[in-house]
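One letter stands for each residue in the lines below.
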Amino acid sequence: MDMRLPRQPVFAQLSARYRDVRRHSLLLAEPLTDEDCGAQSMPDASPIKWHLAHTTWFFETFILERMEAGFQPFHPAFRVLFNSYYNGIGEKHPRAQRGLLTRPAMAQVRAYRADVDARVARLLAGELDAGQRGQLETLIALGLEHEQQHQELMLTDVKHLLAQSALLPAYLDAPAPVAALAPPLSWLGFDGGLTAIGYDGEGFCFDNELPRHKQYVAPFQLASRLVTNGEYQAFIAAGGYFNAALWLAEGWDWVRSQNLKCPIYWQQDDNGDWREFTLRGARALDPNLPVTHLSLFEADAYAHWAGARLPTEAEWEFAAAQAPIETGELHPAGAGASVGGGLLQMFGHCWQWTSSSYSPYPGYQTAPGALGEYNGKFMLNQYVLRGSSCATPAGHARASYRNFFPAGARWQFTGIRLARQA
Ligand SMILES: [Fe+2]
C-alpha cells in the first residue's frame, strides 16, 4: 500500500484567498471608466486607481521588499506615490492631490498589480523556513484585510465622486430591490454586568480589537433595527436640523456653518418629495430602508430627539455576540428582509455610530516598525462605529471590529442604532 500523501501546494488556502481578494478589487472597478478611476472628489476620498495601486504597494513594501531575494521595486517612484500615511516608510504624495496623478495610467496600475501578484505567488511557492513561513502568513493576512478595507472605500469614494455630477450616473445600472414594510421598532433588554470585550478567536483581528478585557456594562436596551428613512424624515419635518437643543455644541456649529438640512445624498424636488442618490442611481426615497450617510452629529441629534441615545461600543459588542453576520449589496436593505430574530441589521447594512471615542483598550500595544502606524496613531478625535455595511466585503465583519471616523464624516454607509437605559 502506498502511504505517500499527495503533495499539497504550500499555503494552498492562503494563495486561493489572495487571488480571490485581489480579483475582487478589479471587479469593483469593472463598471467604471478610466476617467472615473482617476478622479478625486474630496481630500477624504481617493481615486479608484490610487486604491488599486496603494493596496498593491502594501504587498510590495511590507512583503516583497522584506522577503524577496534581490528585490527590485516595480517602479521606484511608486514608493512615494502610493504610500498613504506610513512615516516609517518615508515620503508621501499629498493625500489631497491623489486626483492629480494622471500617470501612471490605469493600464500601468493593472500591470503593477499583476507583477506584484506573480511575485507574491512565487514567494508562497518557494522554500521557506518556519520563521519566514509564519511572517509571510501574518503579513499576507494583514495585506488582504487591508485590501478589503479599501474595497469598502472604493465604493463609498466612487459614490461620492459620481454624486458630484448632475448626470447622477449609477455605478451599477441595476434595479433596486423593493423594500418590505419595516417592522415596528421594539426594544431588546440586556442585563450587561462584568463583560469581556475584544477579539476572542483563532482567526484574524486588527490590533485595535486587542487585548480582550473586562468591562462593566450597566443594564441597557437596544433598538431591534436601524432607524429608517421614514423616521428620519419625521425628524427633519419636526425642524430637527434647526433645533439647537438637540445638538452637541460642535455638531450645532457644524450643521449651521454648512447650512445642512438633510443627509448628504438626499434631495427634495419641487413637489417636496425626497430623492436619494444610491450606487444604483437616484431614486425616490424609500421610507422603509435604513437612513444612511449620517455624521455622528446627526445620529446623536436624532437619538436625542427620539428620547434615546447612541450605544457605547461595549454595549454594542455585548449585544452583538449572537447576531448573524449578513453581507450586503451596494445599499442598505430593509429590516423586513433581515435574517434572524431579535436584533436585526447588526451587520451588512449600515455602520452604527457609538458614543465611544476611539481609544486604545487597556494594555493595547502597537506592532514594532512602520506597521505599528496601521491603527494606533489614529486614536484621537474619532468615534467608533460598529457592525459592517452594505459595502463591506464578505468575510470581513465580526462583532469585535472597530471602525472609526471623525464626528463629521458622512460619506461612509453610517446609520443609527438607538439605545436607552433599561
Ligand atoms: Fe491603506
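For every chain, the first residue of the written sequence is number 1, and numbering continues from 1 onward in sequence order. Reporting of local features is limited, given that this is a predicted model, to residues whose pLDDT is at least 70; pairs of side-chain atoms are given and counted only at 80 or more, and all residues count toward the totals for whole chains, interfaces and linings. Heavy atoms throughout the structure, all of them, feed into the side-chain values; hydrogens and water do not.

**Student:** Where do I start with helix 10 (residues 313-320) in this structure?
**Tutor:** Note on helix geometry: an α-helix contains 3.6 residues per turn, so any two residues three or four positions apart are oriented the same way. Most of helix 10 is tucked away, with seven of its eight residues classed as buried. Accessibility here uses a 1.4 Å probe with only protein chains present; expressed as a share of the type maximum, an area under 20% marks a residue as buried, one over 50% as exposed, and anything in between as partly exposed. Only runs of H or I of at least four residues qualify as helices and only runs of E of at least two qualify as strands under DSSP, and these elements are numbered from the N terminus. Turning to helix 10, its buried residues are E313, A314, E315, W316, E317, A319 and A320.

**Student:** I tried to follow the side chain of S295 on my own but got confused; where do I start?
**Tutor:** Tracing the backbone shows S295 in the loop between strand 7 (281-284) and helix 9 (296-305). Any two residues whose heavy atoms approach within 4.5 Å at even a single point are treated as in contact. Discounting residues that sit within four places of it in the chain, S295 has contacts with W254, W353, A407, G408, A409 and R410.

**Student:** Even after reading the chapter, I still don't get the state of the cysteines, so can you show me in this structure?
**Tutor:** Think of a disulfide as a covalent bridge from one cysteine sulfur atom to another cysteine sulfur atom. The definition used for a disulfide is geometric: two cysteine sulfur atoms within 2.5 Å. Taken as a whole and judged by the stated rule, the model has zero disulfides. C390 supplies the cysteine sulfur nearest to C350, a cysteine that is in no disulfide, at a spacing of 6.5 Å.

**Student:** I keep staring at the sheet that holds strand 10 (residues 403-405) and nothing clicks. Help me out?
**Tutor:** Whenever strands of a sheet pair, they do so through backbone hydrogen bonds, lying parallel or antiparallel. When DSSP finds two or more bridges between a pair of strands, those strands are recorded as paired. Read from one edge of the open sheet, four strands run 10-9-8-11, paired in mixed fashion. Two strands bound the open sheet, and with one partner strand each, they are strand 10 and strand 11 (414-415). Across three bridges, the pairing between strand 8 (residues 351-357) and strand 9 (residues 383-386) is antiparallel. For W353, the partnering residue across the bridge sits in strand 9 and is L385.

**Student:** Which parts of the structure should I look at to understand the pattern of salt bridges?
**Tutor:** It is possible for side chains bearing opposite charge to pair when their charged atoms get close. Within this document, salt bridges are pairs made up of a side-chain nitrogen of Lys or Arg and a carboxyl oxygen of Asp or Glu, the two lying within 4 Å of each other. Under the defined criterion, the tally for this structure stands at 18 salt bridges. The shortest N-O distance in the salt bridge between D117 and R22 comes to 2.7 Å. Taken together, the positions of D117 in helix 5 (residues 106-125) and R22 in helix 1 (residues 12-29) put the pair 95 residues apart, joining distant regions of the chain. A salt bridge links E65 to R79, with the nearest nitrogen and oxygen atoms 2.6 Å apart. With E65 in helix 3 (residues 48-67) and R79 in helix 4 (residues 78-81), this pair connects stretches of sequence that are 14 residues apart. Residue E65 is classed as partly exposed on the basis of its relative accessible area of 35%. Look at the salt bridges and you will find they share partners, linking R22, R113, D117 and E147 into a network.

**Student:** Even after reading the chapter, I still don't get the side chain of Q352, so can you show me in this structure?
**Tutor:** Relative to the assigned elements, Q352 resides in strand 8. Taking relative accessible area as the criterion, Q352 reaches 0% and is therefore assigned buried. Each polar contact in these results corresponds to two N or O atoms within 3.5 Å; when the atoms are within protein, one needs to be able to donate a hydrogen and the other to accept it, and residues that are neighboring in sequence are counted only if both atoms are side-chain atoms. Only 2.7 Å separates the side chain of Q352 from the side chain of W316, close enough to count as a polar contact.

**Student:** Explain the nonpolar core to me, please; I cannot follow it from the model alone.
**Tutor:** Buried together is how nonpolar side chains tend to be arranged in soluble globular proteins. To define a nonpolar core, start from buried Ala, Val, Leu, Ile, Met, Phe, Trp, Tyr and Cys residues and group those joined through side-chain atoms within 4.5 Å. Ranked by size, the top nonpolar core spans 92 residues in total, and within it F82, I140, Y171, Y232, F235 and I416 carry the most contacts. In terms of residues, this core owes the most to one element, helix 3, which gives 11 residues. Counting contributing residues, this core receives three or more from each of domain 1 (9-162) and domain 2 (187-421). Among residues more than four places away in sequence, those in contact with F235 are G240, Y241, L246, W247, A301, Y302 and W305. F190, V217, L222 and A319 belong to the second-largest nonpolar core, a separate cluster that totals 16 residues. Domain start and end points were adopted from an automatic or database domain assignment.

**Student:** How do you make sense of the packing of helix 5 against helix 6 (residues 130-162) when you look at a structure like this?
**Tutor:** The description of two packed helices rests on the angle between their axes and on the distance between the axes. Helix axes use the C-alpha atoms of the stretch in contact, all axes being lines fitted to C-alpha atoms, and the angles between their N-to-C directions lie in the range 0 to 180 degrees. Running from N to C, helix 5 and helix 6 cross one another at 150 degrees; their axes reach a closest spacing of 12 Å. As the angle between them shows, helix 5 and helix 6 are arranged roughly antiparallel. Helix 5 and helix 6 meet at a crossing whose hand is left-handed. Where helix 5 abuts helix 6, its residues R113, V120, L123 and L124 lie against L136, I140 and E147. Throughout, the ten residues Ala, Val, Leu, Ile, Met, Phe, Trp, Tyr, Cys and Pro are labelled nonpolar, Asp, Glu, Lys and Arg are labelled charged, and all others, Gly among them, are labelled polar. Residues belonging to the contact of helix 5 with helix 6 are distributed by class as follows: five nonpolar, no polar and two charged. In what follows, roughly perpendicular refers to angles from 65 to 115 degrees, roughly parallel to angles under 35, roughly antiparallel to angles over 145, and oblique to any angle outside these ranges. If you view the pair so one helix is near and one far, a crossing is left-handed when the near helix is turned anticlockwise from the far one by less than a right angle, and right-handed when it is turned clockwise.

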